[in-house]
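Residues per chain are reported as follows:
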Amino acid sequence: MAAVLGGLLIVAGVPRPGMAAVNREMTDYLAAHPGGMPVSANEISYGDGAVLVTLRAPVGTYALADCPYGWYCFYDRPNFGYPRGKLSDCGRQNLATWQWQFRVASAHYNLSSGSVTFYYNSTALFSVGAGNRVRADAAPYRDWANYVNRPC
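A brief look at the structure comes next. Since this is a predicted model, take the numbers as computed values, not measurements.

Brief notes about the state of the cysteines
Then comes step 1: Summed over the entire model, instances satisfying the criterion amount to 2 disulfides.
Then comes step 2: Note that Cys67 is cross-linked by a disulfide to Cys73, the S-S spacing being 2.1 Å. Taking the sign of the S-S torsion, 75 degrees for the link of Cys67 and Cys73, the bridge is right-handed. Considered together, Cys67 and Cys73 belong to a single accessibility category, that of buried residues.
Then comes step 3: Here Cys90 pairs with Cys152 through a disulfide, and the sulfurs are 1.7 Å apart. In this structure the cystine formed by Cys90 and Cys152 twists about its S-S bond by roughly -80 degrees; its chirality is therefore left-handed. Residue Cys90 is located in the loop between strand E5 (81-87) and strand E6 (91-94), and its partner Cys152 is located in the segment after strand E11 (147-150); the two are separated by 62 residues in the primary sequence.
Then comes step 4: Classification of Cys90 by relative accessible area gives partly exposed; the value is 40%.

Structural data, given as structure tokens:
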């Protein structure tokens, strides 16, 4: 029995094909955006889970707003291109806290009510909310936002 379990542990410890690329992507992302903790091969937590960053879109998801219910999301590229950050907290928040300042290129609001406004310092740039859930391209303010505010 011990030999069988030992063999299973050895096999389980062998990296799957492509895992080196995933680990390299995570390492590179954390080097460029320090302060996060990996929670899976594709997701990083900042601020003890206040913001979750997903590095790659789920397979088969292309140019779709895919923010999970209960969150508002912001994407690094227009048309909901990943990486994606997601937040649910209320109030004014500095995106620099999570290494996301000057990176918002599109956004999706997936809460039942309210809205969130993206700011450059104290200047409102654009909003998404229950009445207008998506902004596929934040132009002309793409990559300007350094704060968000969600009144609750």
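Regarding the side chain of His33
Then comes step 1: Structurally, His33 is set in the loop between helix H2 (19-32) and strand E1 (37-38).
Then comes step 2: Not counting residues within four places of it along the chain, the set of residues in contact with His33 comprises Tyr46, Gln99 and Arg103.

What about the pattern of salt bridges?
Then comes step 1: By the definition in use, this model includes 5 salt bridges.
Then comes step 2: The salt bridge involving Glu25 is made with Arg56; its shortest N-O contact spans 2.8 Å. Of this pair, Glu25 sits in helix H2 while Arg56 sits in the loop between strand E3 (51-54) and strand E4 (71-77), and the two are 31 residues apart along the sequence.
Then comes step 3: Look at Glu25 and you get partly exposed, because its relative accessible area is 27%.
Then comes step 4: Here Arg56 falls in the partly exposed class, since its relative accessible area comes to 31%.
Then comes step 5: For Asp137, the salt bridge identified is with Arg142, shortest N-O distance 2.6 Å.
Then comes step 6: Overall, Arg142 belongs to the partly exposed group, its relative accessible area being 35%.

Definitions and cut-offs
Residues numbered from 1 in each chain as written. Predicted model: local features only at pLDDT ≥ 70, side-chain atom pairs only at ≥ 80, totals over all residues. Heavy atoms only, no water. Disulfide = S-S within 2.5 Å. Buried < 20%, exposed > 50% of the residue type's maximum accessible area, 1.4 Å probe, protein only. Helix = DSSP H or I, 4+ residues; strand = E, 2+ residues; numbered from the N terminus. Contact = heavy atoms within 4.5 Å. Salt bridge = Lys/Arg side-chain N within 4 Å of Asp/Glu carboxyl O.

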